[in-house]
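# A structural walkthrough
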Amino acid sequence: MTENSFDLIILGGGPGGYVAAIRAAQLGMKTALVERDQLGGICLNWGCIPTKALLRSSEIYRLLHRLDEFGFSAKDIRFDAGKVVARSRAVAKQLSNGVGYLLRKNKVTVTHGHGRLAGKGRLAIERDGKAVSELTAEHIVLATGARARSLPGLEPDGERVWTYKEMVPVAIPKSLLVVGSGAIGIEFASFYHDMGVEVTVVEMLDRVLPVEDEEISAFARKAFEKQGIKIHTGATVAALERNGANLTARIEGAGQGGEVEVERVILAVGIVGNVEDIGLENTAVKVEKMHVVVDEWLRTGEPGIYAVGDLVGPPWLAHKASHEGVICVEHIAGVNDVHPLDLHNIPACTYCRPQIASVGLTERSAREVGREVKTGHFPFIGNGKAIALGEPEGMVKTVFEGKTGELLGAHMIGAEVTELIQGYTIAKTLETTESELIRAIFPHPTLSETMHEAVLDAYGRAIHF
Amino acid sequence: MPIEILMPALSPTMTEGNLARWLKKEGDEVHSGDVLAEIETDKATMEVEAIDDGKIGKILVPEGAQGIKVNAPIALLLGEDEDASALEKFAAPVAQPAPTAPPPSAENVKPPAAVAPSVKERGNGDGRIFASPLARRMAQQAGLDLAAIQGSGPQGRIVKSDIEAALSPGRAAPARAPARAPVAPQPVPAAPVLSKERVAALAGNPPYTERPLNAMRRVIARRLTESKQTVPHFYLTVDCEIDALLKIRGELNAKIAAAGIGPRPLPNTLSQAGEGRVGASGSEKGWGISVNDFVIRAAALALRQVPAANASWSDEAILLWDSVDIAVAVALDDGLITPIVKAADRKGLAAIASETKDLVTRARAGKLKLEEFQGGTFSVSNLGMYGVREFAAVINPPHGGILAVGAGEQRPVVKNGALTLATVMSCTLSCDHRAVDGAVGAQFLAAFKRLVEDPLTMLL
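Residues numbered from 1 in each chain as written. Chains lettered and ligands numbered in written order. Predicted model: local features only at pLDDT ≥ 70, side-chain atom pairs only at ≥ 80, totals over all residues.

### A closer look at the overall build of chain A
Per the secondary structure count, chain A includes 14 helices and 24 strands. Taken over 465 residues, chain A has a buried fraction of 48%. For chain A, long-range pairs separated by at least 24 residues make up 64% of all intrachain contacts whose partners lie at least 6 apart in sequence. (Helix = DSSP H or I, 4+ residues; strand = E, 2+ residues; numbered from the N terminus. Buried ≥ 20, exposed ≤ 12 C-beta atoms within 10 Å, placed from the backbone. Contact = placed C-beta atoms within 7 Å.)

Set out below in structure tokens:
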């Protein structure tokens with residue numbers, strides 16, 4: 001093997017790519033990773049991690065406004081947006097360095113540059129517009145990720161119309177219009193609202209967080225509106241006019257049209273795969289709706305070419321990408337006991353206030369696929385820990401298959417539910433029934449007791465409500 | 001304090017067993033080493049010995065109880081200075097009905113049939129069946145036997161999709177990952193739901209007597225079904241003339257008798273009467289070398305000469321076995337078992353004969369140890385004693401082949417253009433084509449035939 005020949009090359013250093021690289025190295029493959037920007041990808045540098053750092057700041061800010069309730073007093077509570085952002089950048093930087101360290105530790109060769117497929121088993125690398133090298137390997141995994149989708153008339157300009165990428169080095173505007181109420185849109189709506197910004201959300205579908213269970217969605221909307229976020233569902237932004245320092249958005253929709261004047265607009269209407277300019281043209285790799293088509297082992301139509309993560313489609317989640325990376329690499333290595341990803345067992349978290357987390361089927365989707373369904377509910381107001389924390393707003397909903405007791409889905413809204421959902425995810429992955437969940441002991445006093453109660457409730461046995 | 005006598009683990013993987021028989025009753029004095037009871041697992045019956053001296057105070061698990069967990073107390077032993085009063089405060093908490101009855105609870109007021117009978121989940125000599133809680137419940141609701149289902153989950157665990165596949169015979173296993181592009185259908189052997197009612201209905205509901213399935217019958221059904229469904233069998237038959245073999249056998253057995261090694265030689269029924277009976281080990285009391293002992297030795301030597309036939313398939317590699325361990329099929333009243341003659345290629349005829357006889361005797365008494373009938377690299381099945389001319393046997397996985405031996409019988413043969421008589425024994429080799437190709441099988445059979453027809457070479 002020459003210096004530039006590898007067992008496996010991975011294009012893209014996000015959570016799909018770098019995890020796949022480390023796993024491949026663990027399995028004894030000589031592995032190269034090519035990244036054009038920063039290790040850790042969008043997740044680590046612009047998405048999940050820096051936004052969590054921002055949300056921590058907004059959470060503290062919000063709590064500071066409740067000091068009296070907890071027996072404190074303070075005057076002159078203010079924030080320094082520059083410091084809030086600096087902290088977020090420092091967190092991202094620390095983790096990105098950490099990924100670099102992990103790759104070195106595992107002896108993965110990291111090449112900076114733009115990679116393009118260049119014939120069978122070959123990847124050409126270009127840096128600053130110049131061809132710098134060519135790597136070869138029997139297997140090439142594409143993990144180039146995705147970017148924000150733009151809408152005609154609402155093209156992001158990086159100044160006043162943002163996507164997640166521009167809004168991280170935040171300026172705090174007075175007012176903000178969020179277009180799209182999926183996880184990304186709602187997180188930003190919640191963050192900016194908590195930082196004191198006047199926020200309006202426009203959603204094309206008839207409810208916010210449209211992939212979540214309808215009851216959770218309705219609960220969330222009520223909570224957001226109570227906080228003061230304005231929400232328009234079944235509505236679109238028909239026109240956006242620049243109006244001096246401001247933007248005027250004309251909102252059209254079922255009986256709730258009107259004009260909104262805002263300083264900034266955030267576009268969060270989904271993402272599309274980075275399928276361009278990576279050399280797919282002369283291959284049998286199939287692209288549909290801006291995503292690469294793969295089979296259960298993440299193989300594309302071209303032998304030796306694989307794709308993982310956001311590039312291959314929803315759910316667009318870092319943990320799904322990492323998991324696909326591992327499955328793909330283990331399958332290439334011929335590891336025993338590799339199993340395809342089960343899309344029903346992927347948890348999803350939205351870090352708004354109150355937090356939202358879910359796994360599996362919603363009640364409606366379970367009914368739509370013809371399952372006989374049993375549901376259970378439990379409100380946070382019935383939970384001692386939630387009241388002690390001063391976070392009594394929330395609920396847990398379970399969806400069971402009536403006949404077999406299979407846990408089909410779980411849906412949560414409330415404080416820290418993003419940390420709790422993995423309990424249901426493990427249960428689902430192990431294919432437990434209500435019987436094991438009922439027998440499992442949940443510690444008191446914790447928020448997790450709501451999870452137990454929501455299972456009990458599905459069988460008419462809830463104790464504390 | 002009375003001493004608890006616990007359900008023993010007869011193998012590292014055993015999780016439960018049946019209490020076949022008590023040899024002591026309450027009040028009996030026992031001494032360390034006395035046999036207290038017989039425990040039955042799938043294939044073997046084993047004895048439980050007393051470790052301490054004392055008196056049987058109380059029997060907690062009745063004879064015939066099934067599915068008793070390893071380490072569950074089965075009886076209480078009273079020490080020398082203890083009397084029955086010691087039991088009262090002790091027995092109550094531990095004397096729970098060991099078998100399947102669930103503890104009564106307010107929720108659990110289902111009819112007993114709704115509780116999975118433990119025998120359904122028992123398995124196989126390999127021990128516990130791993131299945132997800134959901135898979136267990138679905139199997140129970142559908143009346144499926146988990147032992148008959150191949151698991152596709154982590155570490156071969158039976159998961160929901162396996163049950164779904166089993167419930168839809170003829171349909172490929174549903175893809176476990178929804179909403180994905182092309183998914184290669186995985187062949188998961190379907191376990192049809194063959195309820196008594198359904199089978200009776202298919203037969204037109206004639207009257208019948210029911211014979212309950214024991215663990216061994218379930219294992220036979222599961223393993224052989226699995227073999228026929230997953231192992232691509234092919235068959236090769238060869239005719240062996242055994243007149244020379246019978247002659248040498250007669251001489252050897254006469255010498256054994258004359259030397260007084262055994263009580264008496266076996267009657268050499270075959271060559272003299274020509275009735276085509278080859279006993280697996282001959283008469284019960286007799287000591288001699290049977291035709292089957294020659295077959296075992298010849299098969300072992302032929303496998304040594306053609307090592308590619310002493311092979312097993314795995315998904316990662318073909319395993320060529322270093323040793324030649326021959327499993328010998330032995331019919332029992334209610335099933336069959338395959339004790340193993342280990343390193344058969346390195347054992348002489350006398351050693352094979354005495355070992356086979358011992359194994360067969362103990363197999364029929366249900367006294368084999370697990371390691372004596374689990375494993376092996378190749379099998380021999382002989383139905384010659386029933387006058388069967390030839391047959392094809394089902395491979396016993398993971399073996400790469402099984403040799404089916406027919407009766408030695410006088411048949412007309414043509415030699416040098418003239419019709420003459422010879423004692424001919426037809427042998428059919430079933431091969432796992434994944435591991436053993438036709439040419440390799442044929443080479444093995446040719447080597448086997450050479451050895452059988454020129455038995456002196458077998459004595460080398």
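### Examining the nonpolar core
Judged by nonpolar contacts, the single largest core of 133 residues is most densely connected at A:I9, A:A20, A:L142, A:V265 and A:V308. In this structure A:I9 touches A:A32, A:V34, A:L123, A:L135, A:A137 and A:I140, once residues within four positions along its chain are discounted. Counting residues in hydrophobic clusters, the runner-up holds 59 residues, among them B:A311, B:F378, B:L403 and B:C431. (Core = buried A, V, L, I, M, F, W, Y, C linked by C-beta atoms within 7 Å.)

### Overview of the pairing of strand β1 (residues 5–11) of chain A
All names here are of chain A. Within β1, five of the seven residues are buried, which leaves the element mostly enclosed by the surrounding structure. When β1 meets strand β6 (residues 130–142), the two strands line up parallel, connected through six bridges. Bridge assignment links L11 to a residue of β6, and that residue is L142. With four bridges joining them, β1 and strand β2 (residues 31–35) adopt parallel strand pairing. Residue L11 lies in a different strand from β2, and its bridge partner there is V34. Between β1 and its parallel partner β2, the chain crosses via helix α1 (residues 15–26), and the hand of that crossover is right-handed. (Pairing = 2+ DSSP bridges. Right-handed = clockwise from strand over helix to strand, strands pointing away.)

### Looking at the pairing of strand β4 (residues 35–40) of chain B
Residue and element names in this part refer to chain B. Sheet topology places strand β2 (residues 16–22) next to β4; four bridges connect them, and they run antiparallel. Directly across from R21, in β4, lies its bridge partner E38. Relative to strand β5 (residues 45–49), β4 is paired through five bridges, and the arrangement is antiparallel. Counted as the bridge partner of E38 is E47 from β5.

### Thoughts on helix α14 (residues 449–458) of chain A
Residues and elements named next belong to chain A. The element α14 is extensively covered by neighbouring structure, given that ten of its ten residues are classed as buried. Turning to α14, its buried residues are E449, T450, M451, H452, E453, A454, V455, L456, D457 and A458. Turning to α14, the residues buried within the fold contact β22 (373–379), β23 (395–401), α12 (417–429) and α13 (434–439).

### A short note on the packing of α1(A) against helix α5 (residues 81–105) of chain A
Residue and element names in this part refer to chain A. Interaxial distance between α1 and α5 falls to 9 Å at its minimum, and their mutual angle equals 25 degrees. For the element pair α1 / α5, the angle class is roughly parallel. The interaxial crossing formed by α1 with α5 has left-handed handedness. Each of Y18, A21 and I22 in α1 lies in contact with α5, whose residues at this interface are V99, L102 and L103. Residues that form the contact of α1 with α5 fall into these classes: six nonpolar, no polar and no charged. (Axes fitted to C-alpha atoms, helices over the stretch in contact; angles between N-to-C directions. Parallel < 35°, antiparallel > 145°, perpendicular 65-115°, else oblique. Left-handed = near helix turned anticlockwise from the far one by under 90°. Nonpolar A, V, L, I, M, F, W, Y, C, P; charged D, E, K, R; others polar.)

### A closer look at the confidence of the model for chain B
Residues and elements named next belong to chain B. A residue-level look at chain B finds 78% of positions with pLDDT of 70 or above and a mean pLDDT of 78. This model gives residues 91–125 a pLDDT under 50, and the stretch forms 48 contacts once residues within four places in sequence are excluded. Ignoring residues within four places in sequence, the model shows residues 171–192, a span with pLDDT below 50, making 49 contacts including any to other chains. Overall fold confidence (pTM) sits at 0.58, and the ipTM for the predicted complex is 0.79. (pLDDT = per-residue confidence, 0-100.)

### A look at the sheet that holds β22(A)
Residues and elements named next belong to chain A. If you walk across this open sheet you meet the five strands as β20-β21-β24-β23-β22, and the pairing is antiparallel. With one partner strand each, in any of the chains shown, β20 (348–350) and β22 form the two edges of the open sheet. Here the average twist between neighbouring strands, direction ignored, is 10 degrees. Bridge count between strand β21 (residues 356–360) and strand β24 (residues 407–413): five bridges; the pairing is antiparallel. In the sheet register, S358 faces β24, and the bridge partner there is H411. Packing against the sheet, α12 makes contact with β20, β21 and β24, and its axis sits at approximately 10 degrees to β21.

### Points about the sheet that holds strand β7 (residues 68–69) of chain B
Residue and element names in this part refer to chain B. Across the sheet, which stays open at both edges, the four strands sit in the order β5-β4-β2-β7 with antiparallel pairing between neighbours. Pairing within the sheet leaves two strands with one partner each, and these edge strands are β5 and β7. Here β2 pairs with β7 via two bridges, running antiparallel. By the bridge assignment for β7, E16 is matched with K69.

### Remarks on the environment of A:K174
Secondary-structure assignment places A:K174 in the loop between α6 (164–167) and β9 (175–179). For A:K174 and A:Y192, which are 18 residues apart along the polypeptide, the C-alpha to C-alpha distance reads 9.3 Å.

### Overview of helix α12 (residues 438–453) of chain B
Residue and element names in this part refer to chain B. Spanning 16 residues, α12 covers 22 Å between terminal C-alpha atoms, matching the ideal 22 Å at 1.5 Å per step. Among the residues making up α12, those that are buried are G441, F444, L445, F448, L451 and V452. Down the axis of α12, the buried set is contained in an arc of 125 degrees. They therefore lie on one face. (Expected span 1.5 Å × (residues − 1). Arc of directions from axis to C-beta.)

### Description of the environment of B:A446
Residues and elements named next belong to chain B. Turning to its location among the elements, A446 is positioned in helix α12. Judged by the 15 C-beta atoms lying within 10 Å of it, A446 falls in the partly exposed class. In sequence terms A446 and V238 are 208 residues apart; their C-alpha atoms lie 8.1 Å from each other.

### Things to note about the packing of helix α3 (residues 48–64) of chain A against helix α7 (residues 183–194) of chain A
Residue and element names in this part refer to chain A. Viewed as axis vectors pointing N to C, α3 and α7 meet at an angle of 40 degrees, and their least axial separation amounts to 9 Å. Classified by the angle their axes make, α3 and α7 are oblique. Note on packing geometry: the crossing formed by α3 with α7 is left-handed. Listed contacts from α7 to T51, L54, L55, S58, Y61 and R62 of α3 are E187, F191 and D194.

### Quick notes on unusual backbone geometry
Note that the residue after A:R353, namely A:P354, is joined by a cis bond; omega there is -5 degrees. Inspection of the secondary structure puts A:P354 in the loop between β20 and β21. A cis geometry characterises the amide bond from B:P397 onward to B:P398, with omega recorded as 10 degrees. With respect to the secondary-structure elements, B:P398 resides in the loop between β16 (378–382) and β17 (401–415). Despite not being glycine, A:K107 has its phi angle at roughly 60 degrees, a positive value. When the 9 C-beta atoms within 10 Å are taken as the criterion, A:K107 is described as exposed. A positive phi is found at B:A343, a non-glycine position, where the angle reads about 45 degrees. As for its position among the elements, B:A343 is in the loop between β15 (340–341) and α10 (349–364). You can call B:A343 partly exposed: it has 14 C-beta atoms within 10 Å.

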